[in-house]
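Chain by chain, the residues:
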Amino acid sequence: MKHVFLFFTLSVAATAGTAQTQAGAVTKTLNERYEDASAEFRKLIQPTGGTSELYFYAGDNYFYWGELDSAGVMFSKGVEKDAGNPLNHAGLGRIAMSKGENGSAHFSTALAIINDKASTADKKSRELALLKMAEANTSAKKLDQSLIYLNKVNELNTGKKGAITVTNPEVYLQWGDYYSEKDGFNLSGALAQYSKAYELNPQYTRTLLRQGQLYVKVRNWDEGLKYFDQAIAAD
């Protein structure tokens, strides 16, 4: 019995340690420290192979780093590990769109999983897959499709009384990106969303970078530099 308890304890500790390290690597990706994040993901994957979620985050890091082929390898391995996770299907669709190809087949698969009430995919994975698909369409200036995905994110976060509760700053970041593309030089909509993201997590440097980029867009260099300096300090 002691041996069983010890094995269980060590297994729980190892799982918790992996989760913490994965979270640290994801944070590096969000702070655009892609090389550091990649090194951590490799360490996590190499011993026994990764989970579907881990392969997604490793692929996501490669994607933002511009290493699309490596990202594709990770997303494909994630699908092999668990085809019922929408994240890696969304990832493959993003790569296709980035290459000027049609990612709709991959997105349709991801969306079918998200809409399937019998799916084992958790809310976090569903929400993140929708955000990644929205991001891809915003980048491609397909704003009508992006809005569909963002509205579905709001549906996921709507409680029984109709109130929308958001805990992930990425939700507001993607809404901000949408308004930035939609409203052109009118910054108010995008800035309002980025400010909400910052309130949720002041260390979320992508929000600060986006705000800085908005001001550079309208040639307000001093205000843009202020946010870039804050992003450096937060990192």
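The shown structure was predicted, so the numbers you read here are calculated from the model rather than taken from an experiment.

A. Structural context of the overall build of the chain. The secondary structure content of the chain amounts to 12 helices and zero strands. In the chain, the succession of α and β elements from N to C terminus is α-α-α-α-α-α-α-α-α-α-α-α. Buried residues in the chain amount to 45% of all 235 residues. For the chain, the proportion of contacts with a sequence separation of at least 24, taken over those separated by at least 6, is 52%. As displayed, the chain has an accessible area near 12,500 Å², and 55% of this comes from carbon and sulfur atoms.

B. Inspection of helix H2 (residues 34-45) at higher detail. With 12 residues, H2 extends 16 Å between its outermost C-alpha atoms, agreeing within 8% with the 16 Å of an ideal straight helix rising 1.5 Å per residue. Along H2, the residues that are buried comprise Tyr34, Ala37, Ser38, Glu40, Phe41, Leu44 and Ile45. The arc that holds the buried residues of H2, viewed along the axis, is 165 degrees, so those residues lie on one side. Relative to its buried face, H2 has exposed residues pointing more than 90 degrees away, namely Glu35 and Lys43.

C. Geometry of the packing of helix H7 (residues 123-139) against helix H9 (residues 169-183). Two elements in contact, H7 and H9, have axes separated by 10 Å at closest approach and are oriented at 20 degrees. By the criterion of interaxial angle, the relationship of H7 to H9 is roughly parallel. Relative to H9, the crossing made by H7 is left-handed. Contacts from Glu127, Leu131, Lys132, Glu135 and Thr138 of H7 reach H9 at Glu170, Val171, Gln174, Asp177, Tyr178 and Glu181. Looking at side-chain class alone, the contact of H7 with H9 contains three nonpolar, two polar and six charged residues.

D. Just helix H3 (residues 52-65), in detail. If you check H3, its first and last C-alpha atoms are 20 Å apart, about what 14 residues at 1.5 Å a residue would give, namely 20 Å. Turning to H3, its buried residues are Ser52, Leu54, Tyr55, Phe56, Tyr57, Ala58, Gly59, Asp60, Asn61, Tyr62 and Phe63. Note on H3: the residue one or two positions beyond its end, glycine 66, has a positive phi of about 90 degrees.

E. Up close: the pattern of salt bridges. Tallied over the entire structure, the rule returns 15 salt bridges. For arginine 94, the salt bridge is made with aspartate 60, and the minimal N-O distance between the two is 2.9 Å. Placement of arginine 94 in helix H5 (residues 86-98) and of aspartate 60 in helix H3 is noted, with a sequence separation of 34 residues between them. Aspartate 60 matches arginine 94 in its accessibility class, with the two residues each being buried. For lysine 99, the salt bridge is made with aspartate 69, and the minimal N-O distance between the two is 3.6 Å. Of the two residues, lysine 99 sits in the loop between H5 and helix H6 (104-115) while aspartate 69 sits in helix H4 (residues 68-81), which places them 30 residues apart along the sequence. One connected set of salt bridges, linked through shared partners, spans Asp60, Arg94, Lys132, Glu135, Glu170 and Arg206.

F. Just the side chain of asparagine 31, in detail. Its location among the elements puts asparagine 31 in the loop between helix H1 (2-30) and H2. For asparagine 31, a relative accessible area of 14% translates into the label buried. Engagement of the side chain of asparagine 31 in a polar contact is seen with the side chain of threonine 205, the distance being 2.7 Å.

G. Just the packing of aromatic side chains, in detail. Summed over all chains, the structure comprises nine aromatic pairs. Taken together, a centroid distance of 5.9 Å and an interplanar angle of 25 degrees make the contact between tryptophan 175 and tyrosine 179 stacked. In this pair, tryptophan 175 and tyrosine 179 are both assigned in helix H9, four residues apart and thus about one turn of the helix distant. A relative accessible area of 9% means that tryptophan 175 is categorised as buried. Under the relative-accessibility criterion, tyrosine 179 is labelled partly exposed at 24%. An aromatic cluster of three or more residues is present, and its members are Phe56, Tyr57 and Phe75. Note that arginine 94 overlies the ring of tyrosine 64, its terminal NZ or CZ placed 5.5 Å from the centroid. Across the ring face of tyrosine 64, the terminal group of arginine 206 is positioned such that the distance to the ring centre comes to 5.0 Å.

H. Quick look at the side chain of asparagine 61. Of note, asparagine 61 is situated in helix H3. Asparagine 61 gets classed as buried once you look at its relative accessible area, which sits at 0%. Among the polar contacts listed, one links the side chain of asparagine 61 to the backbone oxygen of tyrosine 34, at a separation of 3.0 Å.

Quick notes on the rules
- Residues numbered from 1 in each chain as written.
- Predicted model: local features only at pLDDT ≥ 70, side-chain atom pairs only at ≥ 80, totals over all residues.
- Heavy atoms only, no water.
- Helix = DSSP H or I, 4+ residues; strand = E, 2+ residues; numbered from the N terminus.
- Buried < 20%, exposed > 50% of the residue type's maximum accessible area, 1.4 Å probe, protein only.
- Contact = heavy atoms within 4.5 Å.
- Areas by Shrake-Rupley, 256 points an atom, 1.4 Å probe, with all protein chains shown as cover.
- Expected span 1.5 Å × (residues − 1).
- Arc of directions from axis to C-beta.
- Axes fitted to C-alpha atoms, helices over the stretch in contact; angles between N-to-C directions.
- Parallel < 35°, antiparallel > 145°, perpendicular 65-115°, else oblique.
- Left-handed = near helix turned anticlockwise from the far one by under 90°.
- Nonpolar A, V, L, I, M, F, W, Y, C, P; charged D, E, K, R; others polar.
- Salt bridge = Lys/Arg side-chain N within 4 Å of Asp/Glu carboxyl O.
- Polar contact = N/O pair within 3.5 Å; in protein donor to acceptor, adjacent residues only side chain to side chain.
- Phe/Tyr/Trp six-rings, centres within 6.5 Å; stacked < 30°, edge-to-face > 60°.
- Lys NZ or Arg CZ within 6 Å of the ring centre and 35° of its normal.

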